[in-house]
2 protein chains.
Amino acid sequence: MNDAEVAPVLEEGEVGLVEYHDFVSEEPFAFEEGGELPGFTLRYETYGKLNAARDNAIFIFHALSGDHHCAGVYSLQDAKPGWWNNMIGPGKPIDTSKYFVLCSNCLGGCQGSTGPSSINPATGRRFGLSFPQVSVRDMVRAQSRLLDHLGIETLHCAIGGSMGGMQALQWAIEYPDRVRSLIAMATTSRQSAQAIAFNEVGRCAIVQDPGWHEGDYEPGQGPNLGLAVARMMAHITYLSDEGLDRKFGRVRRRERESAGAGGYFDVEFEVESYLRYQGKSFVNRFDANSYLYISKALDRFDLGQGGPIEEVVDKMQARALVVGFTSDWLFPPRQNREIVHAMIRAGKNASYAEIDMDLGHDSFLVRAPALYELVSGFLAADEHLPRAHA
Amino acid sequence: MNDAEVAPVLEEGEVGLVEYHDFVSEEPFAFEEGGELPGFTLRYETYGKLNAARDNAIFIFHALSGDHHCAGVYSLQDAKPGWWNNMIGPGKPIDTSKYFVLCSNCLGGCQGSTGPSSINPATGRRFGLSFPQVSVRDMVRAQSRLLDHLGIETLHCAIGGSMGGMQALQWAIEYPDRVRSLIAMATTSRQSAQAIAFNEVGRCAIVQDPGWHEGDYEPGQGPNLGLAVARMMAHITYLSDEGLDRKFGRVRRRERESAGAGGYFDVEFEVESYLRYQGKSFVNRFDANSYLYISKALDRFDLGQGGPIEEVVDKMQARALVVGFTSDWLFPPRQNREIVHAMIRAGKNASYAEIDMDLGHDSFLVRAPALYELVSGFLAADEHLPRAHA
């Protein structure tokens with residue numbers, strides 16, 4: 001290690017070294033679709049300082065495969081900062097010199113929060129499929145206890161992309177007086193048939209892997225091949241035709257040229273190598289049962305609960321910004337736009353912005369100055385407005 | 001059986017009862033990428049009559065999962081006509097009262113033509129992975145022997161969609177003086193990175209299934225679960241977000257309502273049920289090794305062989321019509337349009353047509369009056385033009 005190597009993560013404008021915390025709720029938690037836990041743990045991180053009025057908190061919500069570690073690094077040797085490090089930090093769009101930023105691993109997850117891979121205290125064994133069915137609303141209700149624990153009554157803003165956007169929307173409806181504003185990106189008010197279809201293929205790949213064993217497996221010995229296939233497929237849906245063409249085109253791997261005929265179905269194109277790597281590395285960090293549970297929560301997500309969303313957004317008090325990306329074909333612009341139109345019809349303060357980027361669904365995660373300006377402007381505007389709940 | 005039930009397949013305007021034939025080539029066949037067979041079989045069907053001049057033949061090429069049975073029925077009890085029965089028949093766009101229509105199962109396939117599931121005469125065992133690597137060009141070269149066998153020098157038209165479109169294009173370049181016109185639909189001159197990526201996920205699902213056994217399995221005992229997953233995923237890419245939403249939306253299966261908690265990851269939404277059915281029924285009719293070989297042939301397909309396609313289309317003598325579909329995101333309009341632009345730049349007689357349909361890639365297979373008019377008009381126009389090779 002030398003200073004030059006670690007400098008970027010510690011330099012001005014970076015969150016720098018961070019650590020995670022575990023919040024343990026010891027109150028029983030009843031799940032929306034039935035089932036109960038005697039309590040649960042949420043792993044979370046915070047950046048920046050909560051002000052004296054305790055009203056500068058921003059809650060960040062992660063996507064299906066994300067976690068609570070959205071900014072900073074765990075050590076000077078840690079080469080990979082949190083997943084939204086480009087967005088969060090002092091002077092960055094979500095400015096940690098002004099805001100107290102908070103992110104927790106979702107209920108049902110596998111990165112420290114209670115989920116199917118957690119030990120059931122009643123049996124001493126992993127929950128597996130005995131874990132209750134979890135919904136986006138359950139995730140939000142669990143997060144509200146963390147907010148209570150931190151002594152925060154009202155969020156300055158609820159922010160997330162993809163499944164994180166669903167949570168931001170759900171927060172504003174579930175706890176209207178606790179959310180002053182929300183930013184939802186690359187998201188939807190209800191999972192479309194195509195999105196359900198892709199999730200179902202991923203679930204089939206997992207449950208058909210003999211290693212799944214009805215969800216009863218030890219870490220590392222689960223349906224690794226099936227989970228990798230599920231992730232490879234899902235990863236394609238996060239990108240775009242144009243983006244993949246620009247990044248990989250039809251470039252072939254050099255190694256394969258010298259491979260024997262036995263390797264006919266081995267990796268040939270660079271894009272295949274990239275995808276296989278995505279599949280393999282995912283298996284090392286994600287639990288297959290959590291993938292089943294969370295993907296199912298996504299499929300069941302329907303903000304309007306089967307009806308038009310006007311009725312539910314009517315409860316909302318938050319100002320809203322919804323951002324769609326032109327090349328996102330998983331949650332296409334149309335689905336994002338519809339949310340704002342419903343909000344406007346319900347008389348809410350809501351804006352839709354569409355950003356022209358060709359990186360697909362994952363556009364919200366990458367460097368995007370146009371997005372940065374929308375986020376920082378929207379967050380700052382709130383400071384000059386009368387607050388619904390001071 | 002009563003007359004009312006069978007009437008539709010036999011009534012005027014239908015091809016009616018058909019049977020397949022096997023063409024056996026006993027000349028050695030050298031594959032483009034190495035390897036040789038002492039001969040091969042192509043299963044094929046024909047509809048209509050070859051005229052005295054033997055110049056009214058139309059060769060139809062099927063897509064990845066298709067076969068030689070593109071029109072008519074095999075018996076009066078046969079409820080399912082060939083895959084392009086809506087397009088082919090007396091008075092239909094591909095008019096069997098005027099044309100002699102021909103379709104063969106591709107080399108490498110599993111519906112009667114020689115492929116990995118065929119018995120290797122040298123060993124008495126199935127080829128499996130010892131089958132030579134097959135390319136779209138190999139398929140076309142094998143088809144040319146069938147054409148020789150039938151005594152047909154020149155095709156009135158070469159027609160296909162998806163992989164069939166690739167073959168139509170390849171025919172016009174490989175045998176310029178044997179193709180007077182071509183219609184390629186929902187196709188591409190080279191497989192994009194995204195299309196390769198989806199095929200790679202399908203292949204991974206197959207080869208990771210313990211039933212695959214390095215391609216060495218008996219029919220029915222192969223990687224059925226992996227093949228079903230591959231098909232389910234591929235099937236989504238043949239449809240569209242809008243089409244799926246209109247057909248299935250978020251409608252739930254009625255049966256599941258009463259299912260126990262153990263069925264949490266069982267079928268819940270109608271779209272899941274539909275997809276699982278697609279996967280299961282595919283396993284009953286398709287060989288996993290053929291799927292590996294043919295999907296690889298698609299990925300390697302590059303009409304321009306790594307260079308601009310202007311150079312290769314320069315050889316072409318056929319008039320060309322290329323048809324793209326607005327909602328096709330597997331081989332999007334842009335990829336279809338590019339082919340025609342290259343042909344025009346090379347001074348060829350070529351037209352691009354784009355049809356506004358929301359059924360995705362499979363639009364070319366469904367009832368589409370706009371497509372019918374283009375096809376029948378294009379085929380008839382040829383009759384009034386001077387022929388390059390009389």
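This one's a predicted model, so the numbers in the text were calculated from it and none came from an experiment.

A. Fine view of the packing of aromatic side chains. Counted according to the given criterion, the structure contains 38 aromatic pairs over all chains. Centre to centre, the rings of Trp84(A) and Phe364(A) are 6.1 Å apart; their planes meet at 85 degrees, and the pair counts as edge-to-face. Note that Trp84(A) is positioned in the loop between β5 (57-61) and β6 (88-89) and Phe364(A) in the loop between β14 (350-355) and α11 (369-381), a separation of 280 residues in sequence. Residues Trp84(A) and Phe364(A) agree in their burial class; the two are buried. Through successive ring pairs, a cluster of aromatic residues spans Phe23(A), Phe29(A), Phe31(A), Phe40(A), Phe127(A), Phe131(A), Tyr293(A) and Phe265(B). One residue, Arg231(B), lies across the ring of Phe282(B), its end atom 4.4 Å from the ring centre.

B. Inspection of empty space enclosed by the protein at higher detail. Counted according to the given criterion, the structure contains one cavity of 30 Å³ or more. When contributions to the lining of the largest cavity are tallied by element, the ones reaching two or more residues are α5 (224-238) of chain A together with α4 (193-207) and α5 (224-238) of chain B. Across the lining of the largest cavity, the residue classes tally to nine nonpolar, four polar and two charged.

C. Molecular detail of the relation of the copies chain A and chain B. Once chain A has been moved 0.0 Å along the axis and rotated by 180 degrees, it coincides with chain B to within an RMSD of 0.0 Å. The superposition operator between the copies reduces to a two-fold rotation axis. Interface residue correspondence from chain A to chain B reaches 100%, placing this contact among same-surface, isologous pairings.

D. Region of the structure containing the sheet that holds strand β1 (residues 21-25) of chain B. Residue and element names in this part refer to chain B. Taken together, eight strands build an open sheet; the order of strands is β1-β4-β8-β5-β11-β12-β13-β14 and the sheet is mixed. Every other strand in the sheet has two partners, leaving β1 and β14 (350-355) as the edge strands with one partner each. Each adjacent strand pair in this sheet contributes to an overall mean axis angle of 20 degrees, direction not counted. Alignment of strand β4 (residues 40-47) against strand β8 (residues 100-104), held across four bridges, turns out to be antiparallel. Looking at β8, one finds that tyrosine 44 is bridged to serine 104. Along the sheet, helix α3 (residues 163-174) makes contact with β5 (57-61), β11 (157-161) and β12 (181-185), crossing β11 at roughly 150 degrees.

E. Up close: the interface of chain A and chain B. Each side of the interface is counted separately: chain A has 54 residues, and chain B has 55 residues. Linking chain A with chain B are 16 salt bridges. For Glu272(A), the salt bridge goes to Lys296(B), with nearest N and O atoms at 3.5 Å. Between chain A and chain B we count 23 residue pairs in polar contact (both at pLDDT 80 or more) in total. Listing elements by their share of the side of chain A that touches chain B, those giving two or more residues are α4 (193-207), α5, α6 (241-247), α7 (270-285), α8 (288-300) and α10 (333-345) of chain A.

F. Just the pairing of β12(B), in detail. Residues and elements named next belong to chain B. Across the five residues that make up β12, a large majority, five, are buried. Neither face of β12 is left uncovered, since the one carrying Ser181, Ile183 and Met185 and the one carrying Leu182 and Ala184 both have all their residues buried. By the bridge criterion, four bridges tie β11 to β12 in an arrangement that is parallel. In the sheet register, alanine 158 faces β12, and the bridge partner there is leucine 182. Traced from β11 through α3 to β12, the parallel crossover comes out right-handed.

How each quantity is defined
- Residues numbered from 1 in each chain as written.
- Chains lettered and ligands numbered in written order.
- Predicted model: local features only at pLDDT ≥ 70, side-chain atom pairs only at ≥ 80, totals over all residues.
- Heavy atoms only, no water.
- Phe/Tyr/Trp six-rings, centres within 6.5 Å; stacked < 30°, edge-to-face > 60°.
- Helix = DSSP H or I, 4+ residues; strand = E, 2+ residues; numbered from the N terminus.
- Buried < 20%, exposed > 50% of the residue type's maximum accessible area, 1.4 Å probe, protein only.
- Lys NZ or Arg CZ within 6 Å of the ring centre and 35° of its normal.
- 1 Å grid on protein atoms, 1.4 Å probe; cavity = no way out; pocket = protein on both sides within 12 Å on 5 of 7 lines; lining within 4 Å.
- Points joined across faces, edges and corners; volume = space filled by probe spheres on them.
- Nonpolar A, V, L, I, M, F, W, Y, C, P; charged D, E, K, R; others polar.
- Least-squares fit on C-alpha atoms with pLDDT ≥ 70 in both.
- Contact = heavy atoms within 4.5 Å.
- Pairing = 2+ DSSP bridges.
- Axes fitted to C-alpha atoms, helices over the stretch in contact; angles between N-to-C directions.
- Salt bridge = Lys/Arg side-chain N within 4 Å of Asp/Glu carboxyl O.
- Polar contact = N/O pair within 3.5 Å; in protein donor to acceptor, adjacent residues only side chain to side chain.
- Right-handed = clockwise from strand over helix to strand, strands pointing away.

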